[in-house]
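The chain contents come next:
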Amino acid sequence: MIHAKKQSSNNTRELEQRIENYWDKRSADFSRVRRRELDGPDGELWLRLIETHLPGENLRILDAGTGAGFFAILLAQRGHRVTGIDMSSDMLHEAKKNMTAEGCQAEFRKMSAQELDFPDATFDAIVSRNLTWTLPDVMEAYREWYRVLKPGGILLNFDSDCGKVTFSKKDEQTDVHAGISQEMVTECNSIKEELRISTHIRPDWDISYLKELGFSVASDADIAPLVRKDKQLRYDNIPMFAIYAKK
Ligand SMILES: C[S@@+](CC[C@H](N)C(=O)[O-])C[C@H]1O[C@@H](n2cnc3c(N)ncnc32)[C@H](O)[C@@H]1O
């Protein structure tokens, strides 16, 4: 029994390491697309959507799985006090470079979204985009997010039901995923197969678990048409759901 438990925690650590390596390798190319998003029309569209749901100005906000800092930078530019966390050191390096280029101030820390190093009730809001599909334990992440939100705090989670999709290599230069090698596409699909979240129907599963935790929840099935208008960026056409949850 003890042996089986040890084996399973070794497997989890191994999987987490693979996920971290994958995003480290993707960081430079990923950051290039995020810079375009920040500088093009879509950044403003995202901000408009997010601000509709934020409870005020000058908020303490956590960007979970910040990547190259997209949400963190947008919100810091609006005067919020933002901390972006990510497991990938290379992504955080890109986030800091992008923040300097945009001339704003946010804090970036290496940390797992499933195990937060913050006291209870620290944040007014948590924002997250395209993170939860790539987590080994989304329930743990949601429990942690609930813990660090202040009462009345808001969680905005934007993601897609990637579990049912098999990614393929994109060659069209304008495609946002054009820089990803076949080897990386194969690794991404293989990681996805290992994740329990890939077996759930989303966002239904998320909504029901968040309610169980005590959140009140609203959602949109697909916000992609609202925030992906930049003609120079060709995104995939998987719907992007939005979850707006209040503690
Ligand atoms: C698809 S990217 C999204 C980045 C950013 N939110 C955006 O929309 O541009 C997913 C990010 O989640 C990060 N990530 C994966 N597992 C994580 C974990 N356990 N804790 C924190 N970040 C994680 C990856 O390193 C990567 O930067």
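The structure under discussion appears in the preceding block.
A brief look at the structure comes next. (Residues numbered from 1 in each chain as written. Predicted model: local features only at pLDDT ≥ 70, side-chain atom pairs only at ≥ 80, totals over all residues.)

Digging into the packing of helix H5 (residues 138-148) against helix H7 (residues 204-213)
Each pair of packed helices gets described by two things: the angle between the helix axes and the distance between those axes.
Thought 1: Contact geometry of H5 with H7 gives a least axis separation of 10 Å together with a crossing angle of 40 degrees. One way to sum up the angle between H5 and H7 is to call them oblique. Crossing of H5 over H7 shows right-handed handedness. Between H5 and H7, the residues in contact are Met139, Tyr142, Arg143 and Tyr146 and Tyr209, Leu210 and Leu213, respectively. (Axes fitted to C-alpha atoms, helices over the stretch in contact; angles between N-to-C directions. Helix = DSSP H or I, 4+ residues; strand = E, 2+ residues; numbered from the N terminus. Parallel < 35°, antiparallel > 145°, perpendicular 65-115°, else oblique. Left-handed = near helix turned anticlockwise from the far one by under 90°. Contact = placed C-beta atoms within 7 Å.)

What to know about the site of the ligand
Thought 1: Around the ligand, the surrounding shell holds 20 residues, and the nearest of these are Trp23, Gly65, Gly67, Ser88 and Arg129.
Thought 2: Elements with a contribution of two residues or more to the shell around the ligand: helix H1 (2-39) and strand E2 (81-86).
Thought 3: Here the shell around the ligand is built from residues that sort into 9 nonpolar, 8 polar and 3 charged. (Near = placed C-beta within 6 Å. Nonpolar A, V, L, I, M, F, W, Y, C, P; charged D, E, K, R; others polar.)

A word on the packing of helix H3 (residues 70-77) against helix H4 (residues 89-102)
Thought 1: At a minimum axis distance of 10 Å, the contact between H3 and H4 shows a crossing angle of 30 degrees. Taken together, the axes of H3 and H4 are roughly parallel relative to one another. The two elements H3 and H4 meet at a crossing, and its hand is right-handed. Contacts from Ala72, Ile73 and Gln77 in H3 reach Ala95, Asn98, Met99 and Glu102 in H4.

Observations concerning the nonpolar core
Thought 1: Core analysis: the largest hydrophobic core is formed by 49 residues, its most contacted members being Ala72, Ile73, Ile126 and Leu155.
Thought 2: At 7 residues, H3 tops the list of elements feeding residues into this core.
Thought 3: In this structure, leucine 155 is in contact with Ile126, Trp145, Leu149, Phe215 and Ala245, ignoring residues within four places of it in sequence. (Core = buried A, V, L, I, M, F, W, Y, C linked by C-beta atoms within 7 Å. Buried ≥ 20, exposed ≤ 12 C-beta atoms within 10 Å, placed from the backbone.)

A look at the pairing of E2
Thought 1: The buried count for E2 comes to 5 of 6 residues, which makes it a mostly enclosed element.
Thought 2: Across 5 bridges, strand E1 (residues 60-64) lies against E2 in parallel orientation. The partner of aspartate 63 across the bridge, within E2, is glycine 84.
Thought 3: One ladder, built from 4 bridges, connects E2 with strand E3 (residues 107-110); its direction is parallel. By the bridge assignment for E3, glycine 84 is matched with phenylalanine 108. (Pairing = 2+ DSSP bridges.)

Here's the deal with unusual backbone geometry
Thought 1: Residue proline 203 follows arginine 202 across a cis peptide bond; omega there is 5 degrees.
Thought 2: Inspection of the secondary structure assignment puts proline 203 in the loop between helix H6 (182-194) and H7.
Thought 3: Here the phi dihedral of asparagine 130 falls at roughly 55 degrees; this positive angle occurs in a residue that is not glycine.

Structural notes on the environment of alanine 125
Thought 1: Inspection of the secondary structure puts alanine 125 in strand E4 (residues 123-129).
Thought 2: Using a count of 23 C-beta atoms within 10 Å as the deciding quantity, one classes alanine 125 as buried.
Thought 3: Apart from residues lying up to four places away in sequence, alanine 125 is in contact with Leu54, Pro55, Leu59, Ile61, Gly153, Ile154 and Leu156.

Topic: the sheet that holds strand E5 (residues 149-159)
Thought 1: Strands sit in the order E3-E2-E1-E4-E5-E7-E6 across an open sheet of 7 strands; the sheet is mixed. Since the sheet does not close on itself, it has two edges, and those belong to E3 and strand E6 (216-220), each with one partner. Neighbouring strand axes in the sheet, compared pairwise and without regard to direction, differ in orientation by 15 degrees on average.
Thought 2: In terms of strand pairing, E1 meets E4 through 3 bridges, oriented parallel. Note on E4: the bridge partner recorded for aspartate 63 is valine 127.
Thought 3: Packing against the sheet, H3 makes contact with E1, E2 and E4, and its axis sits at approximately 175 degrees to E2.

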